[in-house]
Amino acid sequence: MGSLEKTQQNNLTIRIAVNRGNNLQGKKGDSFQSLVQVEFDGTVLGESDEKQSNPTQLSVDYKFVCLFHRPSDAHALSDIAQKPIVLTVIEVLPKEEKDEARKAALGQAVVDLLPLLQGQCSFSSIVPVNPVPSPLARSSPQDTVHKTPTLDVNVSVSDPVVSEAELSASNLLKVTLEAAYSVPESWMLPSGPSSTTFTYAAALEVPLTADQDQVLMFSEGQLKAGGQREDTERQKKRLHRDTLVPEAFFKPEQIDQEDGELTALEDRVFRDEAETMKNRVSWDTEMCCFLDAGGTTRLRQRIAESRLWPVEIMRSLVPLSKLGDDDPDIPFHGVAFVDLGHLLFPGVKRIRGAYSVQPFSEDELLNKAKRSVSVLKEKAKAAASQAKALTSASKAGKNMNVSNKGPTDSKELTKKMYLEARTYIVIEIALKKPLVPKTSSEELARRVKALIPPKPKPPPGPSRAERVVLDFHRQVANIVSSVSEQYEELFGASSKVPQDYNWEKMKIQLTGALNDSGRYFVFKEQMKHAVVRIVRDKMQRTEPFTDPQELKVFVSKLYVYLVDETHIALSKIYSPDVIEDFPNEVQLNCSQLSHFAREAQLTGNYQQAAQYYKELVVRHPNEPTHKFEWGGLYMLTGDYTKANECYHDAVSIQQVHQPSLMMCGVLAVKFEHYSDAQTFLERATSIDPPSVVAWTLLGLLHVSQNDSIQAERAFLEARKLLKTEEAKKEEKDQEEKHEEEENKQEEDETATSSRSKQEPVDQDSEMHKEEPPAQSVSSRSATVKLSSTIYTQAAQFLLQNNALQMAEFALSQKLLCSDDGRSTSRSLHLAQLQLLKADYCSAAASLKEALLHIDQDPDVWAWSGHCHYLQGEFHEAQESYEWSFKFQQKPSDTHIVLLRLGSIYLMQEKFEQAKVVYLQACEQSPSCLTWLGLGRACYRLEEFCTAEEALTEANHLDNQNAEVWAYLSLICLKSGKKEEAEKFYKYAVRFNLQKESLHKEFNELKDQLRFHHLESCFEKKH
């Protein structure tokens, strides 16, 4: 009894109710009798009673219900997914018409049971009734005006077919085999009797459960002659009875968007011809498979083990059951290896593409797909065994079966056929849910937020009352400045009071001067507005006073308050213990500070670079870029802990700062925190605009973890982005080129018209004018760009941020990549890496290799100059730097090139050339070092006025540069300003002047000046 209940619980009972037929029409008119027959998988489940139609409403109320039972195992659920319910509407003809059959099929409808596998217990649908070809069916001229006949159907189960837990863990796999294109020409030739019909079949094996597989057999292929392309929006078919899949149509798709083979430009011409003019075998069939939790997991595992899945095809004259049960020889046996690796990409649910068919080989099957059994052979064995079990075949019968195999083909012939015809199949594999869920950007943001909490919002700024008080302090400071300027004009800059003046007299004189100059009235008006705002916003007084006593008290209170605030403002100005709130006369802006920090970093002055970055962060605490650049400095010095802190601070300031997220991921890899690294890099890839570097770094992370499929996915995304960027850039370049050509054409027309008005010129001179100068030829060669790949872009980003280990890994991957190989761009980036590692010999070899391939690139020459400069080979460095400026395109970083070239000229005492180089640097990107270099060159040329101006500019930009103070002191000595020279020299010593030559030169000039002074005194005495 208990086993019977258990069996009943495991059985699945499906209730099918056909309620009504709409717009049905009989052969003789609108009034007819009909019934509905329900069948599943070729088994008739029941028939309704004969019902009379309603002529006025063109409807039939069937109200028929039938039940059918299925075991609720994996195979039964897969059958439900694959096989629909077929409803046949049958007209019952009058008995008088004895010459015709009593019943005639009017049409068939198909009900898909997939909703039951998606968690629904009941669903209703109105399904169209498609006409069934029959000798009894007669076309009517009025058929086209009638509405589409339909059936109202309801399908229900008492309990869900799958529970919520099973539904969440299960999946639905749909495989659509479209066609085999460019099949061998011999398939179209007659072979045997004219009535001979060949079977065109294809098969592949997919998981069903954790330990069971199922074979999807596409056995109803139709051979078609070429001549026209298949309809791109045709409807998909079911395998059984050639029924159409409801609301499932093919959609046109570009070849470059496919996932398979034959997508290159050279293959597209062949595919266009094959899909239009050549013969084909068409299936257009979709098969569905229900995968439970174990089947879904097994599918994912098997793809990870072997991403190539075999799809076998055959052409046979006899059924599979007659091919033999021992070792059946599959005629025209071919196989296509479909790459399912993309289904393991996060979020990917569908792949579609063309896959080449090759002759079947067990060795190839084992090597590529890691399988040792042919699906078609096993299917043939099973069919033969089943046929043998049903009937006992006689020896003659066996011989007949052998002889009915049809024409046999040798393996060599099959191999030759498929390879010569270049046959390929087009197949689509889709899942209801992705095998690897894609992490949403919101989830990634939450993970990053958990690793690096956002920086708390800054406290609100000063209130309105506080702002007016600060404004009052500024006005006091302005008044102090105006009074000080007036005082200096009257009594000079010296702080000593003349003996014949007393304080009162000076005060009266100063007050008069302030009145005469108008300064008093200016700051009085300014102060008036500041006091009015204090009264209104600080003391909250906006109404006029009506009581004189109240006014007197308020004025007294206001006076005391203003005096107190004036003292506070004066304390801020003169007290050495209070930090000054007011900016200096010369204050560097952010772009200057960032430029100077980068310059100090390139010249090796890391301490000064850190000071600049610190000042930037203090000024703009909510700007992540400054923290990011500061982190690059710590990466250069090897302090990775502090670098990590900087990058984390940048992300805490701005959670979507893409460069900082990428560097957080790079350092997480260095610290072996791979899970955190994946979080940071995936978050960087989810931020707009999408980044080639972010996807490449994510791919490198997966490569380091031996996750080849995820690495391929990341690199594929990176290449797509790079291709899009290059296309946009090429389009922009074409537009600019077109504009240049139009402008040039207009200029030529203008020049021609003006030349025609002048006297004719000599023909030889005209010919010389048409010849381009030598430099223009080289400049055209310089426009050749180094090839850019995803690896070189990633390496460039990593080298810019001094992540040497990951940069080396990126360059090694570029070398391993078959489509990149050893290129000039890799040699250049490798040289940069080696220079950062101070491996100058290897860097010189890499640069030499790069110059062998492309000697017209200014960056290669610039880096060659850096390599020689750092080795102390200044003559070779000078030549390389000079070459880098001979092209129309300049080096990427001209600033450091000009600085080093100018320093070489100074060392070689080529002061005129040094002056020109430093002047160019001052015009392009002025800094303390460029003005200092210009001042040094002018000083050596004895252009002291120009040198003093240049050094003064340098001092404004950096008043702690000891060398600037030293040269200013030397110029003062040359000009006879001994006191100022001593003062400037003290500053040079205070800021730790390192060059002994400048100390020596200062002392020699000082002694020489003292000797000249004594000599002049001695001459006066005589």
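Residues numbered from 1 in each chain as written. Predicted model: local features only at pLDDT ≥ 70, side-chain atom pairs only at ≥ 80, totals over all residues. Heavy atoms only, no water.

Closest axis-to-axis distance for the helix α11 (residues 464-491)/helix α14 (residues 548-574) pair is 9 Å, and the angle between their directions is 65°. For the crossing formed where α11 meets α14, the hand is right-handed. Each of Val469, Leu470, Phe472, His473, Val476, Ala477, Val480 and Ser484 in α11 lies in contact with α14, whose residues at this interface are Tyr561, Leu562, Glu565, Thr566, Ile568, Ala569, Leu570, Lys572, Ile573 and Tyr574. Residues that form the contact of α11 with α14 fall into these classes: 13 nonpolar, 3 polar and 2 charged. (Axes fitted to C-alpha atoms, helices over the stretch in contact; angles between N-to-C directions. Helix = DSSP H or I, 4+ residues; strand = E, 2+ residues; numbered from the N terminus. Left-handed = near helix turned anticlockwise from the far one by under 90°. Contact = heavy atoms within 4.5 Å. Nonpolar A, V, L, I, M, F, W, Y, C, P; charged D, E, K, R; others polar.)

Let's shift gears to the side chain of His333. Looking at where His333 falls in the secondary structure, it is placed in the loop between β17 (308-316) and β18 (334-339). The class of His333 is buried, set by a relative accessible area of 7%. Polar side-chain contacts of His333 include one of 2.7 Å to the side chain of Glu312. (Buried < 20%, exposed > 50% of the residue type's maximum accessible area, 1.4 Å probe, protein only. Polar contact = N/O pair within 3.5 Å; in protein donor to acceptor, adjacent residues only side chain to side chain.)

Along strand β16 (residues 280-291), 12 of the 12 residues are buried, which leaves the element largely enclosed by surrounding structure. Residues Arg280, Ser282, Asp284, Glu286, Cys288 and Phe290 line one face of β16 and the alternating positions Val281, Trp283, Thr285, Met287, Cys289 and Leu291 line the opposite face, and both faces are buried. Both strand β10 (residues 171-181) and β16 contribute to a ladder of 10 bridges, which runs antiparallel. Each residue of the ladder has a partner; that of Val175, found in β16, is Met287. As defined by bridge partners, strand β13 (residues 222-224) adjoins β16 across 3 bridges and the pair is classed as antiparallel. Within β16, the residue paired with Lys224 across the bridge is Arg280. (Pairing = 2+ DSSP bridges.)

A few words on the pattern of salt bridges. Under the defined criterion, the tally for this structure stands at 42 salt bridges. Two residues, Asp284 and Arg234, come together in a salt bridge whose shortest N-O distance is 2.8 Å. Of this pair, Asp284 sits in strand β16 while Arg234 sits in the loop between β13 and β14 (235-237); the two residues are 50 residues apart in sequence, bridging distant segments of the chain. The buried category is assigned to Asp284, whose relative accessible area is 6%. We note a salt bridge from Arg536 to Asp537, for which the minimum N-O separation is 3.4 Å. Given the relative accessible area of 36%, Arg536 is considered partly exposed. You can call Asp537 buried: its relative accessible area is 10%. (Salt bridge = Lys/Arg side-chain N within 4 Å of Asp/Glu carboxyl O.)

Okay, the nonpolar core next. In this structure, Tyr647, Met662, Met663, Leu697, Phe797 and Leu798 are the most contacted members of the largest nonpolar core, which totals 111 residues. Beyond its immediate chain neighbours, meaning those up to four positions away, Leu697 contacts Met662, Val666, Leu681, Ala794, Phe797, Leu798 and Met806. Listed in part, the 42 residues of the second largest apolar core include Val183, Val281, Leu299 and Ile709. (Core = buried A, V, L, I, M, F, W, Y, C linked by side-chain atoms within 4.5 Å.)

This part takes up unusual backbone geometry. The omega angle of the peptide bond from Asp688 to Pro689 is -5°, so this bond is cis rather than trans. Relative to the helices and strands, Pro689 is located in the loop between α20 (674-685) and α21 (692-704). In this structure, Phe332 is a non-glycine residue whose phi angle is positive, near 50°. Structurally, Phe332 can be placed in the loop between β17 and β18.

So, about helix α15 (residues 590-602). The end-to-end C-alpha distance of α15, which contains 13 residues, comes to 18 Å, matching closely the 18 Å that a straight helix rising 1.5 Å per residue would cover. All of the buried residues in α15 are Leu593, Phe596, Ala597, Glu599, Ala600 and Gln601. Tucked into the core, α15 has its buried residues touching α16 (606-619), α17 (624-637), α31 (894-907), α33 (928-940) and α34 (944-957). (Expected span 1.5 Å × (residues − 1).)

Taken in spatial order, the 5 strands make up an open sheet running β12-β11-β17-β18-β20, and their pairing is antiparallel. A strand with exactly one partner marks an edge of an open sheet, and here the two such strands are β12 (213-218) and β20 (358-359). One ladder, built from 2 bridges, connects β18 with β20; its direction is antiparallel. From the neighbouring strand, Gly334 faces β20, where its bridge partner is Pro359.

Bringing the packing of aromatic side chains into the picture now. Tallied over the full model, the rule gives 20 aromatic pairs. A ring pair is formed by Trp187 and Tyr200, whose centres lie 5.6 Å apart and whose planes are at 40°; its orientation type is tilted. Here Tyr200 lies in strand β11 (residues 199-207) and Trp187 lies in the loop between β10 and β11, a separation of 13 residues in the sequence. Accessibility expressed as a relative area gives 5% for Trp187, which makes it buried. Taking 5.5 Å as the distance between ring centres and 20° as the angle between the ring planes, the aromatic pair formed by Trp861 and Trp883 counts as stacked. Residue Trp861 is found in helix α29 (residues 858-870), and its partner Trp883 is found in helix α30 (residues 874-884); the two are separated by 22 residues along the sequence. One aromatic cluster is present, formed by Trp187, Tyr200, Phe332 and Tyr418 through successive ring pairs. Between Arg541 and the ring centre of Phe545, over which it is positioned, the NZ or CZ distance is 4.0 Å. For the cation-ring pair, Lys886 lies above Trp883, with the distance from its terminal atom to the ring centre recorded as 4.2 Å. (Phe/Tyr/Trp six-rings, centres within 6.5 Å; stacked < 30°, edge-to-face > 60°. Lys NZ or Arg CZ within 6 Å of the ring centre and 35° of its normal.)

On to the packing of α15 against α31. Running from amino to carboxyl end, α15 crosses α31 at an angle of 55°, the nearest separation of the two axes being 11 Å. Relative to α31, the element α15 is oriented oblique. The hand of the α15/α31 crossing is right-handed. From α15, His595, Glu599 and Leu602 reach across to α31, where they touch His895, Ile896, Leu899 and Arg900. Considered class by class, the residues forming the contact of α15 with α31 number 3 nonpolar, 2 polar and 2 charged. (Parallel < 35°, antiparallel > 145°, perpendicular 65-115°, else oblique.)

Pairing in this open sheet of 4 strands is antiparallel, and the strands run β5-β1-β9-β8 from one edge to the other. What marks the edges here is a single partner per strand, and that holds for β5 (59-71) and β8 (122-128). Sheet twist, expressed as the mean angle between neighbouring strand axes with direction ignored, is 20°. By the bridge criterion, 8 bridges tie strand β1 (residues 11-22) to strand β9 (residues 150-157) in an arrangement that is antiparallel. Bridge assignment links Asn22 to a residue of β9, and that residue is Thr150.

Let's shift gears to the confidence of the model for the protein chain. The predicted model of the protein chain has a mean per-residue pLDDT of 82, with 84% of residues at 70 or higher. In this model, residues 1-9 is a region of pLDDT below 50 whose contacts with residues beyond four sequence positions or in other chains number 0 contacts. Every residue in residues 134-144 is under pLDDT 50, and counting partners more than four places away or in other chains gives 10 contacts. (pLDDT = per-residue confidence, 0-100.)

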